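Coordinate analysis (summary)
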Amino acid sequence: MNIAYVSSEVAPYSKTGGLGDVSGSLPGEIAALGHSVSVFTPYYRSTKKVEPHTKVIAEGSVPVGSTLVPWALHAAQSGKPGVNLYFIAGDIYFDRDGLYGTSQGDYEDSCSRFCFFCRACIAAAQVLGQKIDVWHCNDWQSALIPIYLRTCFGNHPFHASAATILTIHNIAYQGHFWHWDWPLLNLPWAHFNWKELEFHGKMNLLKGGLVHADLLTTVSPTYSREIQTAEFGYGLQGVLADRKNSLVGIVNGIDTQIWNPATDPLLPANYTRDNLEGKTTCREVLRRKFNLPNDHTTVIGMIGRLFEQKGFDLVAQSIDELLRRDIQLIILGTGREEFHKMLQRVQQSRPDRVAVAFAFDNALAHLIEAGSDIFLMPSRYEPCGLNQLYSIAYGTPPIVRRVGGLADTIGDAIPENIANGTATGFQFRDYTPQAMMGCIDWALRLRWHQREDWLKIQRAGMSQDWSWRKSAEEYVKVYQRAVEQRTRK
């Protein structure tokens, strides 16, 4: 099959979160299964710094409202057999410091930016000349593509037969815009209705994509069920419930060439499930980096955006109680100012116990995963999550809340799971400080008083295969199903 994979971010060229990691890894695994994959992503200012050596192979213009906006298609070497990497350039929209906005908020012309991107992707594919079998779109930024292909290009000889997949990475982000932006889409007003793109008087681009795509996927089976409920659906639970037979949950994978403690060049010492001595060295180096005492306390690591979604409100409510335990807490991330201030306060008052780096630092992330004894991930919701997968691969049992992909990927350390070798971490259910602290205490007791069981948990996690191959095979099945459905229409 010929797959067009469309994403607003692709690591290492652009990234704000898990979408970039997925888009940087999955296309290569799909191509390795014998398919041709063309990746389309914006040519941001930051992308130009990472990949300045590109070749313009096509140019044109697309309508955004009443304006024809020029685009240019840049080709680059993907480094992955079977993957063609294309950047959509439109400097009026993408030559900016941020991908989606600034510290003051999202760009005011976000609707125009990604309307342009979607139209330009469709136009570029046509210029390239090889018919697309499946368009795989991701989140609201490319959700207009399924809409355009079923409306503006519904009878177009080049585009009409293409199937469309839309993947939801985080349903909290939907592409809401006021209805005055509707003319930018160049769609008939008839599509601004409660069944398609209208949402409480505004436009909702993700909703339109969910309605028009042939099949839908999201990033874990549990999350696929959760988003059909009022608690997790963010207003779109009815749309998703209506399309439940077209919705598939596929757990993300990790790039095991990058995230492998046996070969990771970013670690001061490598190690394996059968020889964990290097992990002790990593812990010592991690402590020295943050001037923490190299004693017998348990190191708990956290990496992520400092927002409520990631459970930092639970950490804030529990921090004094947590520091009564014999632990050191190391956190890497940026986010809300209130959490910055809280962590600065506790770091200043307890420099022997708390260390924080307010940054995005890939090398430090690897060291924290390897040097921590426990990884804390108490998310309010988590579509899939990647850090818990990195953690078990690095022999760092995670403490997670039993939601979304965390429920699907972490085997709870109850006695029967430890005995049969399926325990890889610790789960708690209720989103309360008491539930989180109870789980932390449980993990600490096991680490100090049941060492053999602790080693079983570490080695069980390090033995699991969370590479992208299995996920890619599931996506190919979805592609084949979508093509069959489209052929019958």
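Now for a look at the structure at hand. (Residues numbered from 1 in each chain as written. Predicted model: local features only at pLDDT ≥ 70, side-chain atom pairs only at ≥ 80, totals over all residues. Heavy atoms only, no water.)

**A few points about the pattern of salt bridges**
To keep it simple, the criterion reads: Take a side-chain nitrogen of Lys or Arg and a carboxyl oxygen of Asp or Glu: if they are within 4 Å of each other, that pair is a salt bridge. Under the scheme used here, helices are H or I runs from DSSP no shorter than 4 residues and strands are E runs no shorter than 2 residues, and both carry numbers assigned from the N terminus. Classification of residues uses two cut-offs on accessible area relative to the type maximum, computed with a 1.4 Å probe and protein chains only: under 20% is buried, over 50% is exposed, and between them is partly exposed.
Taken as a whole and assessed by the stated rule, the structure comprises 23 salt bridges. A salt bridge links E29 to R469, with the shortest nitrogen-to-oxygen separation between them at 3.4 Å. With E29 in helix 1 (residues 18–32) and R469 in helix 18 (residues 468–488), this residue pair connects regions lying 440 residues apart in the sequence. The class of E29 is partly exposed, set by a relative accessible area of 24%. The partly exposed category is assigned to R469, whose relative accessible area is 35%.

**Quick notes on the environment of Q480**
Note that Q480 resides in helix 18. For Q480, a relative accessible area of 38% translates into the label partly exposed. When the C-alpha positions of Q480 and V134 are compared, they lie 8.8 Å apart, and in sequence the two are 346 residues distant.

**Let's talk about the environment of W259**
Counted only if it meets this: Only heavy atoms matter for contacts: two residues are in contact if any of them lie within 4.5 Å across the pair.
For W259, the location among the structural elements is in the loop between strand 14 (247–249) and helix 9 (277–289). W259 sits in the buried class, given a relative accessible area of 9%. C-alpha separation for the pair W259 and P70, spaced 189 residues apart in sequence, amounts to 40 Å. Once residues lying within four places of it in the same chain are set aside, the contact partners of W259 are I254, N362, A365, H366, E369, Y390 and Y394.

**Description of helix 6 (residues 205–212)**
Stated precisely, the cut-off is as follows: For this analysis, a polar contact is any N or O atom pair within 3.5 Å, provided that within protein one partner can donate a hydrogen and the other can accept it, and provided that sequence-adjacent residues contribute only side-chain to side-chain pairs.
Most of helix 6 is tucked away: seven of the eight residues are buried. Among the residues of helix 6, those classed as buried are L205, L206, K207, G208, G209, L210 and H212. Sitting at the head of helix 6, N204 places a side-chain oxygen 3.2 Å from the backbone nitrogen of L206.

**Focus on unusual backbone geometry**
Of note, the amide linkage connecting A11 to P12 takes the cis form, showing an omega dihedral of 5 degrees. When you line up the elements, P12 lands in the loop between strand 1 (2–6) and helix 1. Although it is not a glycine, N186 adopts a positive phi angle of roughly 55 degrees. Position of N186 relative to the elements: it lies in the loop between strand 10 (176–177) and strand 11 (198–199). Exposure remark for N186: the relative accessible area of 31% places this residue in the partly exposed category. Positive phi values are uncommon outside glycine, yet Y234 reaches one of about 50 degrees. As for its placement among the helices and strands, Y234 is situated in the loop between helix 7 (221–226) and helix 8 (237–242). For Y234, a relative accessible area of 40% puts it in the partly exposed group.

**Some words on the side chain of R353**
Along the chain, R353 falls in the loop between helix 11 (337–349) and strand 17 (354–357). Reaching out from R353, the side chain makes a polar contact with the backbone oxygen of I327 at a distance of 3.3 Å. Every residue in contact with R353, bar those within four places of it in the chain, is listed here: L292, L323, R325, D326, I327, Q328 and L329.

**Section: the sheet that holds strand 11**
The test is simple: Two strands qualify as a pair provided DSSP detects at least 2 bridges between them.
An order of 10-12-11 is seen for the three strands of this open sheet, with the pairing classed as antiparallel. Bordering the open sheet on either side are strand 10 and strand 11, each of which pairs with just one other strand. Bridging between strand 11 and strand 12 (residues 202–204) involves two bridges; their strand directions are antiparallel. By the bridge assignment for strand 12, F199 is matched with K202.

**Section: the pairing of strand 17**
As a reminder, the rule being used: For the handedness criterion, the strands are oriented away from the viewer, and a crossover whose path from the first strand over the helix to the second runs clockwise is classed as right-handed.
Here strand 17 shows two buried faces, one formed by V354 and V356 and the other by A355 and A357. The pairing of strand 16 (residues 327–332) with strand 17 spans four bridges and is classified as parallel. Bridge pairing in strand 17 links I331 to V356. Once you follow strand 16 into helix 11 and on to strand 17, the crossover reads as right-handed.

**Let's talk about the nonpolar core**
So the rule is basically this: For the purposes of this section, nonpolar cores are sets of buried Ala, Val, Leu, Ile, Met, Phe, Trp, Tyr and Cys residues that join through side-chain atoms within 4.5 Å.
If you look at the biggest cluster of nonpolar residues, it comprises 62 residues, and the most contacted ones within it are F40, F116, W135 and L185. Broken down by element, the residue count for this core peaks at 11 residues, all from helix 4 (residues 110–128). Contacts of L185, omitting those with residues within four sequence positions, involve C111, C115, R119, L144, Y148, L197, M203 and L205.

**Some remarks on the pairing of strand 2 (residues 36–42)**
For strand 2, the buried fraction is high: six of the seven residues fall into the buried class. In this sheet, strand 2 lies alongside strand 1 in parallel orientation, the contact comprising five bridges. Its bridge partner being in strand 2, I3 is matched across the sheet by V37. By the bridge criterion, six bridges tie strand 2 to strand 5 (residues 83–89) in an arrangement that is parallel. Looking at strand 5, one finds that T41 is bridged to F87.

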